[in-house]
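# Residue-level structure breakdown
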Amino acid sequence: SPPKTNPPAVVRSSNLCQELGQLQYIFSDKTGTLTANEMVLRFLSLGGIDLVSSLPAAPTDTMANQEDEAVGGMPLFVPANDSPVKGGSHHADVPVSAGATALKNNSVPLENLLRLAAGRPGGVSNAPRDSFAGLSFSESPETLRARSAAELLAVCHTVLPQMLHGRLEYQGESPDEVALVEAAASVGYRLIRREGDEVVVAVGAAAASAPEAGQGGKCPAGCEELSVRVLAVNQFNSTRKRMSCLVKYPDGSHVLYCKGADTNMFPLLEPRSTAGPEAQLANDHLRAYAREGLRTLVLAKRALSSSQASEWLAKFKAASVARTDRDGQLSEAAASVEQNLVLVGLTAIEDKLQDGVPQTLEYLRRGGLKIWVLTGDKVETAVNIGFSSKLLTTEMTLLYVGASPDGDDTLVVTKETLREQLRELTAHYADQILAQLPHLLKSTTDGTLTDANREALADRLTEAPKPSLSGMSALFGRAHAVNRSLASLWSPFGAPRSGKAAEVEATTLALIVDGNALALVFEDEGLKEALLHLGRVCASVLACRVSPKQKAQVVELVRQGVKPEPLTLAIGDGANDVSMIQEADVGVGIVGVEGTQARRASDYSIAQFRFLARLLLVHGRYNYRRVCLTFVYSFYKNVTMVLTLCAFAPDSAFSASSLYDGWLMASFNVFFTFLPVIAHGLFERDISPPLLLAFPQLHAAGIRGEELNSSVVLLWLLTAIAHALVVYFMGGAMLGGLADDPLALDGHVRGTCINGLLVVTISLKLALHTSHWTFFNALFALGSALLWFGFISSYSMGGELGLAEFADVGTRALALPPFWLALLLVPTTALGLDFALAAAYALFAPTPQQILMEP
């Protein structure tokens, strides 16, 4: 679904346009970037009771599984029968999970939450029972749990209610919070007013049925008003991954409500909440929700006595006014009270994919781009979204590092277990790694890859870090690296197989890595190198449970670890993506509902993720080709002019005389050959945008550097030499041999004629490389040629202005018949060689670009 606003694309760094066509790695956030950030509560688990929402569902094409897919207690993926790596590699068969259908079949409507809670606000001892006709009252554990869950959803947040267009709307810092508040309102716990630390909630069936309930901040008729004081709020951050608030009820009781990620919440629960049948059911529900691609939260609470609340509030207030390390003291204060929590329930929120995300990711992957998605979601949630967005496909083999394919959160990851896992994966997939990175293999006697070589490669890539080099050793190490870079640059056939060209090749591997494993990887150079090489040969990488700092570290790892350094792009929509955006070479911000921080920190901003395909595959390629041709053409035309001067030197007996007049030389780049290349750089389009999107593989040419490398520069240099020789010697021969009056061909006239031949040849050379003619291309090309003729005609009349040296030179040159014949034959001869060579290539070795350009 499109966002609420559709702002136009904005370019903030125009000097990066050509780099869009050379990008090799894309780092993307998930929430708000791949998804629409339009949250809807789908499931609520309370003590083994699964409540399903009847709110409008997401389109079926955004879900990873359709309702007719297999369901049940199957593992998340079917293991590969021939895989020797235990628990590390699985074939990416279609995910088999509990499924939305199975969840709904075993659930009761979410609207029963009001009935389960007996319709009575907690802490209100005098609630009139006749206000809730048809609802039975009890103080059973189920009732208390349901009441706590409803009140937690309605109270534990920072959402503000506002009246917009006659309806009560909610504005919050996070779409997740708004979704939970709206879900509580839909079942009869509607937030109607927030004034200072007072939060007022209308409780009753009338509050659930009327969207206009609470108009004017008043409680609807037939509902009970629950008014509580929020004494303190422990804000959510990327480290804590939870938020909590201390609430005081009208009867004087104090309750701490807390909600957050399961990995951060479960260690804080009391022992009774983590053991027993209900805890097992909660874990089952949590996995089922995650496998459906839903965002999960754990709800918990803790009852505090008045003395405990007062003591903690004093600590909280002291931390909130601290002058030094305020954030640290607030975190410590929050951690001191967020202990021994009682599990209340689990929530599962659906975040729908944006329109066109699967197609966009498929285009980018086919274009040779490596896509790394960095998200804070659980492994199962991220994997399921990966399949629904086509980041992962059933043809891929998934490599798990520091994570379990079945979502086992009890997996303990240490540096040694991680090193062993990476070693096994590296040894098993050594063929794929060395196919793209052959420089990692040391030469063997027979030139084959043996099991011993595989094990040696794995050991070498995962070995513990060695002491840093110093003195001459470090100097020789750096010299060796520079030598390799220079060899890569000046290779006559472009980049070597160990460089960018090899990495563009398609692969069927995908890497799944957990944030806890990443934290250990960044502490060990050996693990970093092994993970990097494994990630380089994967078409997609999915990093789960990562913090904003880890996102930036992943980008830095690729930029500094891959040689030659690749061009990277990071795209996100929120403040937690700013560090990643700033670390990458190119930053793209999506204008979403999480503020404008990402947009302001980016080089480009777009409205939706799907526009990234056109930005890179169309505009990026156009700009890359335009800049490359502008560079080599400018190099070519100046070399050609200078070489004609060199050819004239022997004829002038090396007297330092100039072949061209000074003003002709000064005007060569400023007037005569300037406008056509500007028009080419602005309007050149070799292939139409629909074809570029239909064949995204053309983007790989930019990654491989096919438009600008040493071989291309050498070819243009040879062309410049050939054209300079043809222009000077053929033009001079025609002018000297056909002139009746040798005195007419004095130095100025001869040089002016050759200069005209040079300008026309160079202008036609650019026309030969122009695929898309516009009015401005034709105008500037013709105008530049006419400008030369007009200039020399006007310049010839400069005798009255004291320009006696060029007086009548232009008119005498234009009056020579041999000059007009040479103007026809010399450019034709020079460019005929180019045309014949281009025709031979197009006929016998056509490129994909030439094939698509055929009518």
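Since the model is a prediction, treat every value here as computed from it, not as a measurement.

## Brief notes about unusual backbone geometry
For the bond running from Lys-563 to Pro-564, omega is -5°, close enough to zero to count as cis. Relative to the assigned elements, Pro-564 resides in the loop between α19 (548–561) and β20 (568–572). A positive phi angle, close to 55°, is found at Lys-241, a residue other than glycine. Positionally, Lys-241 belongs in the loop between β11 (224–234) and β12 (242–248). We classify Lys-241 as buried; its relative accessible area is 18%. If you check the backbone angles, Asn-340 has positive phi at about 50° while not being a glycine.

## What to know about empty space enclosed by the protein
Enumeration according to the criterion identifies five cavities of 30 Å³ or more in this entry. What lines the largest cavity is simply Pro-676, Ala-679, His-680, Ser-763, Leu-766, Ala-767, Thr-770, Trp-773, Asn-777 and Ala-781. When grouped by side-chain class, the residues that make up the lining of the largest cavity number six nonpolar, four polar and no charged.

## Concerning the pairing of strand β15 (residues 342–353)
Sheet faces and side chains relate simply in a regular strand, where the side chains alternate between the two faces. In terms of burial, β15 is largely enclosed, as 11 of its 12 residues are buried. For strand β3 (residues 35–46) and β15, the ladder comprises seven bridges, and the chain directions are antiparallel. The residue bridging Phe-43 from the neighbouring strand is Ala-348, located in β15. Alignment of strand β14 (residues 295–304) against β15, held across seven bridges, turns out to be antiparallel. Paired with Thr-296 across the bridge in β15 is Ala-348.

## Section: the pattern of salt bridges
Under the counting rule described, the total for this entry stands at 30 salt bridges. For the salt bridge of Asp-577 with Lys-551, the shortest nitrogen-to-oxygen distance reads 2.9 Å. Of this pair, Asp-577 sits in the loop between β20 and α20 (578–583) while Lys-551 sits in helix α19, and the two are 26 residues apart along the sequence. Here Asp-577 matches Lys-551 in class, with each residue buried. A single salt-bridge network, built from bridges that share partners, covers Asp-262, Lys-378, Glu-380, Asp-514 and Arg-545.

## Observations regarding the nonpolar core
Of all hydrophobic cores here, the largest spans 50 residues; its most connected members are Leu-113, Tyr-170, Tyr-189, Val-201 and Tyr-257. By size, the runner-up hydrophobic cluster in this structure holds 45 residues, among which are Phe-648, Leu-757, Ile-792 and Val-809.

## A short note on the packing of helix α12 (residues 415–428) against helix α18 (residues 525–536)
Their axes nearest at 10 Å, the elements α12 and α18 cross at an angle of 35°. In the packing of α12 onto α18, the handedness of the crossing is left-handed. Mapping the contact onto sequence places Lys-415, Leu-418, Arg-419, Leu-422 and Leu-425 in α12 and Leu-527, Ala-530, Leu-531 and Leu-534 in α18. Residue composition of the contact of α12 with α18, grouped by class: seven nonpolar, no polar and two charged.

## Some remarks on the packing of helix α7 (residues 277–291) against helix α11 (residues 379–388)
α11 packs onto α7 with a crossing angle of 25° between their chain directions and a minimal axis gap of 7 Å. In terms of their interaxial angle, α7 and α11 are classed as roughly parallel. Read as a crossing pair, α7 and α11 show a hand that is right-handed. Facing α7, whose interface residues are Arg-287, Ala-290 and Arg-291, α11 presents Glu-380, Thr-381 and Asn-384.

## Remarks on the side chain of Thr-673
With respect to the helices and strands, Thr-673 occurs in the loop between α23 (662–672) and α24 (674–683). Reaching out from Thr-673, the side chain makes a polar contact with the backbone oxygen of Phe-668 at a distance of 2.7 Å. Dropping the residues within four chain positions of it, Thr-673 is found in contact with Lys-637, Phe-668 and Ile-762.

## Looking at the environment of Gly-561
As for its position among the elements, Gly-561 is in helix α19. Looking at Gly-561, the relative accessible area reads 31%, which means it is partly exposed. In sequence terms Gly-561 and Glu-529 are 32 residues apart; their C-alpha atoms lie 7.4 Å from each other. Each residue touching Gly-561, except ones within four places of it in the same chain, is listed here: Leu-532 and Glu-556.

## As for the packing of aromatic side chains
Summed over the entire model, instances satisfying the criterion amount to 16 aromatic pairs. Seen from their ring centres, Trp-312 and Phe-316 are 5.2 Å apart, and the 25° between their planes marks the pair as stacked. You can see Trp-312 and its partner Phe-316 sitting in helix α8 (residues 306–320), four residues apart, about one turn around the helix. Trp-312 sits in the buried class, given a relative accessible area of 7%. Summarising the aromatic geometry, the rings of Tyr-636 and Trp-716 are spaced 5.5 Å apart at their centres and angled 70° between planes, so their arrangement reads as edge-to-face. With a gap of 80 residues between them, Tyr-636 in helix α22 (residues 611–651) and Trp-716 in helix α27 (residues 710–738) connect regions that are remote in the sequence. Accessibility expressed as a relative area gives 0% for Tyr-636, which makes it buried. Three or more aromatic residues link up through ring pairs in this structure, and these residues are Phe-683, Phe-775, Phe-776 and Phe-780. Positioned above the aromatic ring of Tyr-636, the side-chain terminus of Lys-765 is 6.0 Å from the ring centre.

## Some points on the environment of Cys-156
Looking at the element boundaries, Cys-156 is found in the loop between α3 (141–155) and β7 (160–164). You can call Cys-156 buried: its relative accessible area is 0%. A C-alpha to C-alpha distance of 8.9 Å links Cys-156 and Glu-177, two positions 21 residues apart in sequence. Ignoring sequence-local partners within four residues, the contact set of Cys-156 consists of Glu-151, Met-243, Ser-244, Cys-245, Tyr-257, Cys-258 and Lys-259.

## Focus on a nonpolar patch on the surface
There is a patch of nonpolar side chains on the surface, built from Leu-714, Leu-718, Ile-721, Leu-725 and Phe-729 and spanning about 460 Å² of accessible area. Position of Leu-718 among the secondary structure elements: in helix α27. When its relative accessible area of 48% is taken as the criterion, Leu-718 is described as partly exposed.

What counts and how
- Residues numbered from 1 in each chain as written.
- Predicted model: local features only at pLDDT ≥ 70, side-chain atom pairs only at ≥ 80, totals over all residues.
- Heavy atoms only, no water.
- Helix = DSSP H or I, 4+ residues; strand = E, 2+ residues; numbered from the N terminus.
- Buried < 20%, exposed > 50% of the residue type's maximum accessible area, 1.4 Å probe, protein only.
- 1 Å grid on protein atoms, 1.4 Å probe; cavity = no way out; pocket = protein on both sides within 12 Å on 5 of 7 lines; lining within 4 Å.
- Points joined across faces, edges and corners; volume = space filled by probe spheres on them.
- Nonpolar A, V, L, I, M, F, W, Y, C, P; charged D, E, K, R; others polar.
- Pairing = 2+ DSSP bridges.
- Salt bridge = Lys/Arg side-chain N within 4 Å of Asp/Glu carboxyl O.
- Core = buried A, V, L, I, M, F, W, Y, C linked by side-chain atoms within 4.5 Å.
- Axes fitted to C-alpha atoms, helices over the stretch in contact; angles between N-to-C directions.
- Left-handed = near helix turned anticlockwise from the far one by under 90°.
- Contact = heavy atoms within 4.5 Å.
- Parallel < 35°, antiparallel > 145°, perpendicular 65-115°, else oblique.
- Polar contact = N/O pair within 3.5 Å; in protein donor to acceptor, adjacent residues only side chain to side chain.
- Phe/Tyr/Trp six-rings, centres within 6.5 Å; stacked < 30°, edge-to-face > 60°.
- Lys NZ or Arg CZ within 6 Å of the ring centre and 35° of its normal.
- Patch = residues over 30% accessible without salt bridge, like charges linked within 9 Å, V, L, I, M, F, W, Y side chains within 5 Å.
- Areas by Shrake-Rupley, 256 points an atom, 1.4 Å probe, with all protein chains shown as cover.

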